[in-house]
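Breakdown of the fold
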Amino acid sequence: MDDLAYLADNEKDKINNTYCSIDEDGMYYRMVDDYLIIGGNDTDTGCRCINNFKEQFPSDFIDVGIAEENAVAIAGGLSAFNKVPCVFIYSTFMQRAYDQIVHDVARTNQHVIFCIDRAGIVEGDGDTHQGIFDLSFLTPIPNMQIFAPSSNEMAVKMIRKAHDMSGPVVIRYPKYLPNANEEVNIDSWNILHPISDINIVTYGSDVLPLKELLNEKNVGLIDAHTIKPLDYECLEKIKNSKKIIIYEQVNNIGSLSTLIENYFVSSKIEIISMSIKNSYLCTGSVEELKNLTHISYQDLMDDGSGSLKEKEAILGLNILESSVDFNKENLTEEDKQDMIYYCKQ
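As a starting point, this report considers the structure included with it. Keep in mind that this is a model prediction, so the values were computed, not measured.

Time to look at the overall build of the protein. Looking only at helices and strands, one finds twelve helices and 14 strands in the protein. Buried residues in the protein amount to 56% of all 345 residues. Counted over contacts in the protein with a minimum sequence separation of 6, partners at least 24 positions apart contribute 75%. For the protein, the computed accessible surface area is about 15500 Å², with 47% contributed by carbon and sulfur atoms.

Evaluation of the coordinates by the stated rule reveals ten salt bridges. With a shortest N-O distance of 2.9 Å, lysine 175 and aspartate 125 are connected by a salt bridge. Here lysine 175 is found in the loop between strand S8 (169-172) and strand S9 (190-193), whereas its partner aspartate 125 is found in the loop between strand S6 (113-117) and helix H4 (134-138), with 50 residues between them in sequence. Looking at lysine 175, the relative accessible area reads 15%, which means it is buried. A salt bridge links lysine 242 to aspartate 197; the nearest nitrogen and oxygen atoms lie 3.8 Å apart. Residue lysine 242 is located in the loop between helix H7 (232-237) and strand S13 (243-251), and its partner aspartate 197 is located in the loop between S9 and strand S10 (198-202); the two are separated by 45 residues in the primary sequence.

Moving on, we come to the nonpolar core. In this structure, Phe114, Leu138, Trp189, Val201 and Leu256 are the most contacted members of the largest nonpolar core, which totals 42 residues. Residues in contact with leucine 256, not counting those within four places in the same chain, are Leu135, Trp189, Val201, Tyr203, Ala224, Ile227, Leu230, Ile246 and Glu248. Within the second largest apolar cluster, 23 residues are counted, among which are Phe57, Phe88, Ala180 and Val184.

The description of two aromatic rings rests on the distance between their centres and on the angle between their planes. This structure, assessed with the given rule, holds six aromatic pairs. Where tyrosine 98 meets phenylalanine 137, the ring centres are 5.5 Å apart and the plane angle is 85 degrees; that geometry is what we call edge-to-face. Of this pair, tyrosine 98 sits in helix H3 (residues 98-106) while phenylalanine 137 sits in helix H4, and the two are 39 residues apart along the sequence. Here phenylalanine 137 falls in the buried class, since its relative accessible area comes to 14%.

Procedures and definitions
Residues numbered from 1 in each chain as written. Predicted model: local features only at pLDDT ≥ 70, side-chain atom pairs only at ≥ 80, totals over all residues. Heavy atoms only, no water. Helix = DSSP H or I, 4+ residues; strand = E, 2+ residues; numbered from the N terminus. Buried < 20%, exposed > 50% of the residue type's maximum accessible area, 1.4 Å probe, protein only. Contact = heavy atoms within 4.5 Å. Areas by Shrake-Rupley, 256 points an atom, 1.4 Å probe, with all protein chains shown as cover. Salt bridge = Lys/Arg side-chain N within 4 Å of Asp/Glu carboxyl O. Core = buried A, V, L, I, M, F, W, Y, C linked by side-chain atoms within 4.5 Å. Phe/Tyr/Trp six-rings, centres within 6.5 Å; stacked < 30°, edge-to-face > 60°.

Below is the structure:
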């Protein structure tokens, strides 16, 4: 019997292009003799692939509620007995299981797949659900391998690949993930626009919008879908860049920016980290919070120089300036004050 059996339902192009719609994009997976473990809020997401698994293989489905520590400890134990558990937990709640990740999984190099939902800036779920810290606490852990798909198609391939790998594997994905509608590569970083003097390195849900935005512009664009380990061959290809901009929706400490900066530590390349400074986020839309934290696509044009005109000349782009709308109905007065406080920092 194959390790993975797939059931395609051919229901594509659903309204919500989220990771949880992978099943609807043609993939429903059954890990034979393996387990699906749910922690945190994932049982409340309405995720079809999770619900289908639960209905068809109830004996292999373990719901620990909000006991994330138990989820990871159980997964480590199952892996020790040659199972390959797949653990679904929100990014913001992974912190609760940090001790178990380090000692019960990574230290003994157990083969556990972590599917981390709500990675990056999250809208509509509240202040505490912002998934901006998982890279900061996962990248330093030995044996940890980290994927960040830029499309549903890429996420499907990563789950399949993760099952055949060894050691702990993280697949982190945002609340909304688009369809690429084309074949995708996950064996090495994808150079989506040719290497140039200025190169942008990013991953996740920003890849496809930036690919379109930078179309026919003299700016390199790289989809760094594998955050750990780094793609050193690709980094060597951009070592002669004048400027490298790493664009990401996470806390800047311990991010991909940190890893790339360490790699080029003795180089004279100008490296710019466009990520969230060491702070918490309030509630808001992705666009609002990007503007608030100065990582909007407009800020990418400015790249922190404060000279929009000069940057427009460099990139040859023209994006309308936007700002946080404090009159949004979904913002409470407390949210507005938080945003004003952040802007003053």
